[in-house]
Structures are given as structure tokens and as C-alpha cells.
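# Report on the structure
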Amino acid sequence: MGRLVVDVRTQVEETDSKPKSSDGEAQWHQMSMQLVSCPELKESVGLFQMPEHNAFGQAFRAYDAKDGERQACVEDLYRANHTHQTYDFGQAMRQKHLQFNKAVMSIWDCCELLNECVDDSDPDLEEPQIQHLLQTAEAIRLDYPDDTWFHLVGLIHDLGKVLLHPLFGEEPQYAVVGDTFPVGCAFDPAIVHTELFKDNPDTHNPQFSTKLGIYQEKCGLDNVVMSWGHDEYMYQVMKHNNTTLPPQALFVIRYHSFYALHQAGAYKHLLSETDHENLQWLEKFNKFDLYSKSKVRVDTDEVYPYYQSLIDKYFPKVLRW
Ligand SMILES: [Fe+2]
Ligand SMILES: [Fe+2]
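Here the structure is a predicted model, which means the values were calculated and not measured.

### Structural notes on the packing of helix 5 (residues 107-114) against helix 6 (residues 129-143)
Running from N to C, helix 5 and helix 6 point in directions that differ by 130 degrees, and their axes come no closer than 7 Å. Here helix 5 lies oblique to helix 6, going by the angle between them. Packed against helix 5, whose contacting residues are Cys111, Glu112 and Leu114, the element helix 6 presents Gln129, Ile130 and Leu133 at the interface. Split into classes, the residues belonging to the contact of helix 5 with helix 6 amount to four nonpolar, one polar and one charged.

The structure is reproduced here in C-alpha cells:
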């Protein structure tokens, strides 16, 4: 088992004064409910058997399930997220978190640190975060035994959520979790709770409110600024620490919360040819991320040596965060 040794290099900055919401990750559109009962999709998932229900006995990403408190929580998240996630906010967060001076720790240390973070309004998560990581990774391993990089993607895809930890400034949830989308161009109606963008200043900025905004057709997602969250942060951490994971692995991690793209097919006019190829892996990945949130517990001690061997293959011993 990994030993948690976190080297705090700098004093954590005070969090900003923006209102904090008690939100959660990745809210759902009607579509998720349809996917759960879609037999073709079940077949396409292969060996991994998707459970019908999450740990709460509800359909996955069913944010309109009869749990008023959770639903209010999720709406609070989206109200805050859609109001504050502007182009400028994203740039400020990049400035703040891409210095990589918050901690020096290994990938496994980060998995353990993430257990201390609460993403309390994800309606599909009741287990510790590390269980979601391992369940995702193990489900992928079952269906794609030879794609070892893909197993590791399952394990590390949510590590960027450590931004919620006090060590990283305890960022508000709207700046860490939830669906992501491009900024600098019009918000597509396919984004969940699209009506909540009305108070976002970018909505009223003529430069940012056309379909292309500041971008060009087929410019490639590399050239598009996404709303800030755990996806982008983890992607940047991997790049900064010279991971040897293949490009499709980085793509999956960077855009796994971009539901408007990988579920609704929006924003495809911005994609390059390479993006289209990588998107296939993202679509495969999403099923595991979503449907492996169940009560099937993975024995951490048992699988630890395997995942540590993958970490050793693709990452340095310690990383700067
Ligand atoms: Fe995530
Ligand atoms: Fe996840």
C-alpha cells in the first residue's frame, strides 16, 4: 500500500470570496435514463455487467430522482458553475493551479488523498472515491485486457478532484466537478441546465456569444479553452510531469466531463481529425465511468501491486502538483 507523503512546498492560498455551493459532479440529462435501459448499449459494454442501479438504488445520473435534498444540491452546483465559469475565470484558475507548487506526491498518494475529499452530491457515489477509481479501472481491465494504458486511465481520471482538498486551497465544487464545456464561444443548449447561463457575463459578451466565438471551424480541442475543473487540471499535471501515456489517454482524462460533446454530439464543428479519433475512446470510457459506480467493492490490497506496476510504467515516482 502506498505511504502518503505529501510535501507541501507553498502555503496554500486563501480561497476566494465567491459563494461556495454544496454541489457535486456530473449532472444528468434525460439521456442517461434512456441509456440505462438501452439493450444495444448494454451489449456494447461487453464482459463488464452494468448494474441497473447505483448505490442508492436509483438510475445512474438520475438527478431528478425523488431525493429533494440531492436535487437541490445539484441545482446549486449548476447555478454557481454556469454563473461563475467564464473565460476569464478559467484563465485565473489556470494561473493559480498550473504553477505545480502545491505538493510533491506519487499517483497512489494522490488516490489516498482523494479519499479525504467529499463529492457529496454525485448521486451515484456513496463509496470512498478510491473505490470509484478502482471499480472503473477494473471494469475496463475486464473488457480491454490488453490496453493497459486504459486501465490506468480508469484509476487516475478523477485525481484532479484533489483541488477540493485544503492542500490545494479547498476550491469550491463549481470550480472542480460537474460537466465541462468550452468558454469563449456560445454555450450550447445541450449543456445540462443551459438556462442557468443567463447570469454568466460571457453570455452577454458579443465576442463570446456566437457559435464559433473566438475559435475557428475544426481548430481542434487543443486550441479551445474549456471551463475549469478536475479534468483539465489532471491533464495538465500529467503533461507537466512527462507521462508516457498515449495521446488518447490524455484526451479521455481531459474531456471525460464534456458530456455535451460525448453524449449529445455538440461542438463537433471545433474538432480536428485527431479529436474525432480520440473521441471513440472517450465514448468507450464514459460507460465505465458512469456504470461502474456500484456496490461491488474492490479489494484495494489485492489490486494494488498491479496498478502500482502501471504507475511505474507511465509516471515518474513522484509528481509535482
Ligand atoms: Fe470525473
Ligand atoms: Fe469518475
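### What to know about the nonpolar core
Counting residues in each nonpolar core, the largest one holds 77 residues, and the members touching the most others are Ile107, Cys110, Val153, Val162, Met234 and Val252. No other element matches helix 11 (residues 273-291), which puts seven residues into this core. If sequence neighbours within four positions are ignored, Met234 has contacts with Ile156, Leu159, Gly160 and Ile253.

### Structural notes on the UniProt feature "binding site: Fe cation" (unreviewed entry) in the protein chain
Here the UniProt-annotated "binding site: Fe cation" (unreviewed entry) positions come out as His132, His157, Asp158, His230, His256 and Asp289. Mapped onto the elements of the fold, His256 is located in the loop between helix 9 (247-255) and helix 10 (259-262). Judged by the 23 C-beta atoms lying within 10 Å of it, His256 is buried. Excluding residues that lie within four positions of it along the chain, His256 makes contacts with His157, Asp231, Leu282, Phe285, Asn286 and Asp289. Relative to the assigned elements, Asp289 resides in helix 11. Apart from the residues lying within four places of it in its own chain, the contact partners of Asp289 are Thr136, His157 and His256.

### Section: the packing of helix 9 against helix 11
Interaxial distance between helix 9 and helix 11 falls to 9 Å at its minimum, and their mutual angle equals 55 degrees. It follows from the interaxial angle that helix 9 and helix 11 lie oblique. Relative to helix 11, the crossing made by helix 9 is right-handed. Two secondary-structure elements touch here, helix 9 through Pro247, Gln248, Phe251, Val252 and Tyr255 and helix 11 through Asn278, Trp281, Leu282 and Phe285. Here the residues of the contact of helix 9 with helix 11 are counted per class, giving seven nonpolar, two polar and no charged.

### Thoughts on helix 11
Over its 19 residues, helix 11 runs 28 Å from end to end, which matches the ideal 27 Å to within 8%, given 1.5 Å per residue. Within helix 11, burial applies to Asp275, Asn278, Leu279, Trp281, Leu282, Phe285, Lys287, Phe288, Asp289, Leu290 and Tyr291. Buried residues along helix 11 sit in contact with helix 6, helix 7 (148-156), helix 9 and helix 10.

### So, the confidence of the model for the protein chain
The share of residues in the protein chain with pLDDT of 70 or more is 76%, and the mean pLDDT across the chain is 83. Across residues 1-46, where pLDDT falls below 50, the model places 104 contacts with residues more than four positions away in sequence or in other chains. Of the regions scoring below 50 in pLDDT, residues 54-58 engages in 16 contacts with residues more than four places distant in sequence or in other chains.

### Describing the environment of Phe197
Following the sequence through the fold, Phe197 ends up in the loop between helix 7 and helix 8 (230-240). You can call Phe197 partly exposed: it has 19 C-beta atoms within 10 Å. Residues Phe197 and Phe187, ten residues apart in the sequence, show an inter-C-alpha distance of 7.7 Å. Non-local contacts of Phe197, meaning those with residues more than four positions away in its chain, are made with His82, Phe187 and Thr203.

### Considering the environment of Ala103
Within the element layout of this structure, Ala103 appears in the loop between helix 4 (87-97) and strand 1 (104-105). Placed 215 residues apart in sequence, Ala103 and Val318 show a C-alpha to C-alpha distance of 9.9 Å.

What counts, and at which threshold
- Residues numbered from 1 in each chain as written.
- Chains lettered and ligands numbered in written order.
- Predicted model: local features only at pLDDT ≥ 70, side-chain atom pairs only at ≥ 80, totals over all residues.
- Axes fitted to C-alpha atoms, helices over the stretch in contact; angles between N-to-C directions.
- Helix = DSSP H or I, 4+ residues; strand = E, 2+ residues; numbered from the N terminus.
- Parallel < 35°, antiparallel > 145°, perpendicular 65-115°, else oblique.
- Contact = placed C-beta atoms within 7 Å.
- Nonpolar A, V, L, I, M, F, W, Y, C, P; charged D, E, K, R; others polar.
- Core = buried A, V, L, I, M, F, W, Y, C linked by C-beta atoms within 7 Å.
- Buried ≥ 20, exposed ≤ 12 C-beta atoms within 10 Å, placed from the backbone.
- UniProt positions renumbered as here; feature names shortened; annotations may be inferred.
- Left-handed = near helix turned anticlockwise from the far one by under 90°.
- Expected span 1.5 Å × (residues − 1).
- pLDDT = per-residue confidence, 0-100.

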